[in-house]
Structures are given as C-alpha cells and as structure tokens.
Amino acid sequence: MPIAARSDLRTLVESSLTLIEAHQHPSGAYPASPDYPVYRYSWLRDGAFIADAMSRAGRADSADSFLRWCATVIDARAGGIADLVARAERGEDIGADEMLPTRYTLDGADGDEPWWNFQLDGYGTWLWMLVEHAARHGRPLAAYRPAVTATVDYLIAFGDRPCYDWWEEHAEHRHVATLGAVLAGLRAVVPARDEHGEPLLAAARAAAAAARVSEFEALVAAEGTADGHLTKWLGGTAVDGSLLACLTPFDVVDPGSTVAERTYEEVRDQLLRGGVYRYLGDTFYGGGEWLILTAWLGWHEARTGRTEAARQRLEWIAAQATPEGHLPEQVSSHTQRPEHIAEWTERWGPVATPLLWSHAMFVTLAVEVGL
C-alpha cells in the first residue's frame, strides 16, 4: 500500500475515534447516528461493537462508560426480567411486545415510538463485549454482577425464541446470527471471574447457562446449516452478511473449520460487490452495500491470513467517506432494487450518515490489519 494511502487511512481512523467520542452521550450511550431521526437511540448490539472498537483502539474509558450504561439499563429492569422469567417457567404465553426493547433513549428509557423491538442479539453481545474488554484492559467486573445475572436469566429463558434479526425483519424465524450472539455472551460469562477471583455467576446459574449453550450449539449444528455452510435462519438455505459474526469474533464454529470456510465463501461470492450486501433481495434504500459488513468480511479475512483482501476492504470503506470524513450506513452504487431508494428517502431522509457503527467497524478492521 502506498505511504500516502496508509497515512490517509490512519487519519480516518483517528477522526473516527474522535467522532465516536464526540457523540457519546454523558450517560455512556452511543447514538446509532446523531443526524438520522430514528437512529437517535442506543442499540445494545450496535453500541457493544462500537465500544469493542474503542476498547481495541485503546479508548478504554469510552468503552467503560458504555458498559456502565448497559448495566444501568438492565438493573433498572431487573424486576421486569424476573417476572418474565417466572412467567415463562410457569408455561405462560408471553407476547413479543412484552419482551425487552432492542433500543433505548440515550438516558436509558424505553422509547415511545413504535419499533421492531423484540431482538435478542444485543443482550448476548453486551455480555460478550463486557468480558472481552475486562480481559483486555484488566477492568473489574464485580459491580456488573446483578446486570449480568439478569441478562443471563433472560437469555436462558428466551434465547432460542423467534425474534427480529439484526436488520429488524423476519420475526417469525430463529436467526443463526442471533443465536451466535446469545452463544457468545453465555460462553463468555460462564467461566468469567471478577477482580476478587469469584465466579461472575453463581454455580447453579452457571450450570444452567452452560446447559443452554450446549443446546444452542446443537440447534445451530442440526438446523442452522445447509450445503455445508451456516444459514440465515434455522431450517433455511440462504446466507446473510450477519453470519460473518458467527465466524469472527463469536466463534460459533471454528474459524478454520470447513463450515466456516464455506460460510465465508458463500457470503463473499453471493453478497460482495465492491462492499457487502445484507442479503440477496434486500430493498432497504434499494439494498446497497453495507460498510459494517464489508469491514466484517475483512476482519475475518485478516484473522484467517488473507491480509491483502482485508486491506482491500479497508480501502474500499475509506473511499466511501464524505468530504467531512463521515461514513454512511450503506452506499447505493450497486443497489439491488434501486426503485426502492425513493420510498425510504421520503420516509426517513437520506441514508444515515455518519453511522457510528460504520466508523467503529472501520477502526476494528484497521486495528486487525495492524494499520
């Protein structure tokens, strides 16, 4: 890579970190996008990956603030979680609209606008990120025990229920990327110990979580693969860009395994143009190329020794920046269904820009390739 190009990439990394810090709310929450009306909320999923990027880049205080915000959000709902779990244990029918929301206001309240709210992946992802960050920076964990316990109880009870996917669609299915996030969170906290050497989970709860991990792993193996690769949802055959997280960093399957390689190849061959589509047939803003998924492809490529390919993904993402250095959610140069762009623009405005998750995944990939 030319020295000038490397310098430009480093500049975008630094400006991305500055932008994320500038928009982090005093509560610790990260807005998904500060300038896009329906994204002025904090998602546990998006936020956890933003915090993970900050942690990897050495901005540990920013990640700490987000994790404390997560714990505050969960602690405030501990009674409601306990009630949901008790009702599930009694065999009561619990509607999706009674479950925890997927996004919160920046001060930690439930939003008052309608949304596609029953999503489980964020609750697993924040647990995974908490343990990763604590190990990376030697952070204490004892204060998180109540929030971790409540989240684990929620995932033990409901972790394999149908819910909306990463893209807030298809609530009737059980999504492999969602199960991957749940698995990653439970796997992380079961053996975790706090700064005093005490287990983060009580013995009985840790055993229950470990049992559910085994069940979820078996479920993915039995129903979440087709033709040797992971699938978008259980019982399906299609792939989805979100499956990349099941390879890196969640290790739902060994990243060097045949299943991982086949999944990588299917996502690359079916969904990669200049960047990566969410899935074939996507119509959101025409179904363009997503920066977070392009970074994810590169992240896995870097992890599996495909360094040159990973650098190409990094350069492609950087090329999508606006003159102000802002990275969008997706770009429309090769949309699948361009006739749908206008309807979304009329509904919510232009594509979300800047998207903090796009900046974060660019940073993560840059760190991974050693920029």
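Residues numbered from 1 in each chain as written. Predicted model: local features only at pLDDT ≥ 70, side-chain atom pairs only at ≥ 80, totals over all residues. Heavy atoms only, no water.

(A) Looking closely at the nonpolar core. If you look at the biggest cluster of nonpolar residues, it comprises 130 residues, and the most contacted ones within it are Tyr 39, Trp 126, Val 148, Val 152, Tyr 154, Trp 296 and Trp 357. Ignoring any residue separated from it by four or fewer positions in sequence, one finds Val 152 in contact with Leu 127, Leu 186, Val 189, Leu 201, Arg 205 and Ala 209. (Core = buried A, V, L, I, M, F, W, Y, C linked by side-chain atoms within 4.5 Å. Buried < 20%, exposed > 50% of the residue type's maximum accessible area, 1.4 Å probe, protein only. Contact = heavy atoms within 4.5 Å.)

(B) Spotlight on the packing of helix H5 (residues 121-137) against helix H6 (residues 145-158). Where H5 contacts H6, the axes come no closer than 10 Å and their chain directions differ by 140 degrees. Between H5 and H6, the crossing angle belongs to the class labelled oblique. Taken as a pair, H5 and H6 cross one another with a handedness that is left-handed. Together, Tyr 123, Gly 124, Trp 126, Leu 127 and Leu 130 of H5 and Ala 147, Val 148, Thr 151, Val 152, Tyr 154 and Leu 155 of H6 make up the contact between the two elements. Grouping the constituent residues of the contact of H5 with H6 by class yields nine nonpolar, two polar and no charged. (Axes fitted to C-alpha atoms, helices over the stretch in contact; angles between N-to-C directions. Helix = DSSP H or I, 4+ residues; strand = E, 2+ residues; numbered from the N terminus. Parallel < 35°, antiparallel > 145°, perpendicular 65-115°, else oblique. Left-handed = near helix turned anticlockwise from the far one by under 90°. Nonpolar A, V, L, I, M, F, W, Y, C, P; charged D, E, K, R; others polar.)

(C) Spotlight on helix H8 (residues 203-223). With 21 residues, H8 should reach 30 Å at 1.5 Å per residue; the first-to-last C-alpha distance of 30 Å fits that figure. Burial in H8 covers these residues: Ala 206, Ala 209, Arg 212, Val 213, Phe 216, Leu 219 and Val 220. Buried residues of H8 fall within an arc of 140 degrees about the axis and therefore sit on the same side. Residues Ala 203, Ala 204, Ala 221 and Ala 222 are exposed on H8 and point more than 90 degrees away from its buried face. In this fold, the buried residues of H8 make contact with H6, helix H7 (176-189), strand E3 (225-226) and strand E4 (229-230). (Expected span 1.5 Å × (residues − 1). Arc of directions from axis to C-beta.)

(D) Broad picture of unusual backbone geometry. Following Thr 248, the chain continues to Pro 249 via a peptide bond in cis, the omega torsion being 10 degrees. Take Pro 249: it is sitting in the loop between helix H9 (244-247) and helix H10 (258-271). In the segment running from Thr 353 into Pro 354, the intervening peptide bond is cis, with an omega of 0 degrees. Tracing the backbone shows Pro 354 in the loop between helix H13 (341-348) and helix H14 (356-368). With a phi close to 55 degrees, Asp 227 is a non-glycine residue in the positive phi region. Structurally, the position occupied by Asp 227 is in the loop between E3 and E4. Taking the relative accessible area as the measure of exposure, Asp 227 reaches 63% and is therefore exposed. Although it is not a glycine, Tyr 285 sits at a positive phi angle of roughly 50 degrees. By the secondary structure assignment, Tyr 285 is in the loop between H10 and strand E5 (289-290). Judged by its relative accessible area of 1%, Tyr 285 falls in the buried class.

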